Amino acid sequence: MSAVTEYQVIHNMEGQPEYVLVPYQEFISSGLTSKAAATETTVPNAIVNRVFDEGITPMRAWREHLGLTQAEVAERVGTSQASYAQTENRQRPRKSTLRKIAKAMGLAYEQLDF
């Protein structure tokens with residue numbers, strides 16, 4: 001089941017459309033990112049704060065930041081939601097697992113491994 005995406009249009013001072021906001025995953029999937037942006041390995045402060053302040057895993061913080069459900073990520077990885085939930089709660093999942101999940105979320109491995 002796919003949801004309808006509504007885009008936000010930002011107009012300039014003359015009232016002409018100037019920017020369109022799209023969901024991050026859709027932007028990544030579009031192939032419009034530059035090579036530098038596609039290899040970006042920074043982690044937003046909001047995610048770092050949640051990991052350290054709330055004690056959640058980077059995997060969970062990223063998933064929620066991207067607006068994905070466990071079932072959506074599990075489907076992309078090719079596993080069940082229950083299996084993904086267990087993996088998401090592990091403090092040190094396998095590197096191969098992190099790489100697979102990072103790819104499914106449109107991230108670099110390093111963005112999940114901190």
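That block above? That's the structure.
The rules behind these values
- Residues numbered from 1 in each chain as written.
- Predicted model: local features only at pLDDT ≥ 70, side-chain atom pairs only at ≥ 80, totals over all residues.
- Heavy atoms only, no water.
- Phe/Tyr/Trp six-rings, centres within 6.5 Å; stacked < 30°, edge-to-face > 60°.
- Helix = DSSP H or I, 4+ residues; strand = E, 2+ residues; numbered from the N terminus.
- Buried < 20%, exposed > 50% of the residue type's maximum accessible area, 1.4 Å probe, protein only.
- Salt bridge = Lys/Arg side-chain N within 4 Å of Asp/Glu carboxyl O.

Participant: Got a minute to help me understand the packing of aromatic side chains in this structure?
Facilitator: Any aromatic ring pair is given by two values, namely how distant the centres are and how the planes are angled relative to each other. For the coordinates displayed, the defined rule picks out one aromatic pair. Aromatic pair Phe52 and Phe114: ring centres 6.5 Å apart, planes at 45 degrees, arrangement tilted. Of this pair, Phe52 sits in helix H3 (residues 45–54) while Phe114 sits in the segment after helix H8 (109–112), and the two are 62 residues apart along the sequence. According to the relative accessible area criterion, Phe52 is exposed, its value standing at 60%.

Participant: Explain the pattern of salt bridges here, please?
Facilitator: Pairing is possible between side chains of opposite charge, provided their charged atoms come close. Tallying each qualifying case throughout the model produces six salt bridges. The shortest N-O distance in the salt bridge between Glu64 and Arg50 comes to 2.6 Å. Here Glu64, found in helix H4 (residues 58–65), pairs with Arg50, found in helix H3; they are 14 residues apart in sequence, far enough to count as distant. With a closest N to O distance of 2.8 Å, Glu64 and Arg60 form a salt bridge. Of this pair, Glu64 and Arg60 are both found in helix H4, four residues apart, which corresponds to roughly one turn of the helix. The class of Glu64 is partly exposed, set by a relative accessible area of 30%. Arg60 sits in the partly exposed class, given a relative accessible area of 29%. Through salt bridges with shared partners, a single ionic network connects Arg50, Glu54, Arg60, Arg63, Glu64 and Glu88.

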